[in-house]
Amino acid sequence: DSVGHFNRGDEMGRRANGEGSIGRTSDGRWWARVSLPDGRRKALYGKTRAEVAGKLAAVLKATHDGTVVPSDRLTAGAFFAQWLDGHKAAVRHRTWKRYEGLLRLHAIPFIGRRRLNRLEPHHLQSLYSERMKVLSPASVRQLHAVLRRALEDAFRWDLVSRNVASLVKPPRVPRFEIKPWSSDQAQLFLQAARGNRFEALYTLAITTGMREGEMLGLHWDEVDLEYGHLQVRYSLEWQTGGQHRFHEPKTNRSRR
């Protein structure tokens, strides 16, 4: 990589391979260069010596730890795409689809072209303000949660110097008072449901408070009609293309 014309008097001296060197160009810019283990030489630039020294330290740490070397050219969109690919097997399909939809539709079109290591809190704040025009506050908070999780991984992998999402406050979600049915209202509903093909499902929902996926995931060996007892061991999850699969509950508390 060419770094232009160097002012030899300002150069901080060359070091052995793997240690890096810092210098200054004749037009006042600062640079740093380091030889990577694979034989490539990486050039870093900045406005101040402290800036390039920080970038150099991050590269040296990454090579020492065997992690991904930070890249000035990695865009936020490219990172989010890589992050999603890596999480396909790490989370449930439904969760992954939510992550993918939020990032693809509401993050990448607006901040995807920005360099990952140049994302600033005000970029995310502007993104949330823009998305509030088409999304509910709850959905924008979900977007914030996904971005915070992805950028936290970027920080742990030394791709960025900080998680900018942790410095941004998502919109507040208004609280709505839940007004459950009274006993009389529940009895009226159950009377109206008599003879309906889903009568058993409605009765189970009202009397146990089970989630829909848990009720649809019941197997006969988990139901004891004689003693009025059942166990929640699985939940039914619908996938794209009309497919479905059974999976275990997320937490031990859900196994009940």
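Sequence order as written defines residue numbering, which begins from 1 separately in each chain. Side-chain atom pairs in this predicted model are given and counted only at pLDDT of 80 or more, local residue features only at pLDDT of at least 70, and totals for whole chains, interfaces and linings cover all residues. The side-chain values count all of the structure's non-hydrogen atoms but skip hydrogen atoms and water molecules.

Visitor: Quick question: what am I supposed to make of the pattern of salt bridges here?
Guide: Any two side chains of opposite charge can pair if their charged atoms end up close together. Any Lys or Arg side-chain nitrogen found within 4 Å of a carboxyl oxygen on Asp or Glu counts as a salt bridge. Scanning the model with the defined rule gives 6 salt bridges in all. The residue Arg104 makes a salt bridge to Glu100 at a minimum N-O spacing of 2.5 Å. Residue Arg104 and its partner Glu100 are both found in helix α3 (residues 93-106); the two are separated by 4 residues, about one turn of the helix. Type-normalised accessible area, obtained with a 1.4 Å probe on protein chains alone, sets the label of each residue: buried when under 20%, exposed when over 50%, and partly exposed for intermediate values. Judged by its relative accessible area of 43%, Arg104 is partly exposed. A salt bridge links Arg211 to Glu214, with the shortest nitrogen-to-oxygen separation between them at 2.9 Å. For Glu214, a relative accessible area of 4% puts it in the buried group. Among the charged side chains, a network of salt bridges with common partners joins Arg211, Glu214 and Arg256. Only DSSP runs of H or I with at least four residues qualify as helices, and only runs of E with at least two residues qualify as strands; both kinds are numbered from the N terminus onward.

Visitor: Honestly, the sheet that holds strand β2 (residues 30-35) in this entry has me stumped. Any pointers?
Guide: Within a sheet, adjacent strands bond to each other through the backbone by hydrogen bonds, running parallel or antiparallel. An order of β1-β2-β3 is seen for the 3 strands of this open sheet, with the pairing classed as antiparallel. The sheet terminates laterally at β1 (21-24) and β3 (41-46), the two strands that pair on one side only. Between one strand axis and the next, the sheet turns by 20° as a mean value, whatever way the strands run. Any two strands with at least two DSSP-identified bridges between them are counted as paired. By the bridge criterion, 6 bridges tie β2 to β3 in an arrangement that is antiparallel. Paired with Val34 across the strands is Lys42, a residue of β3. Axes here mean lines fitted to C-alpha atoms, for a helix over just the part in contact, with angles spanning 0 to 180 degrees between N-to-C directions.

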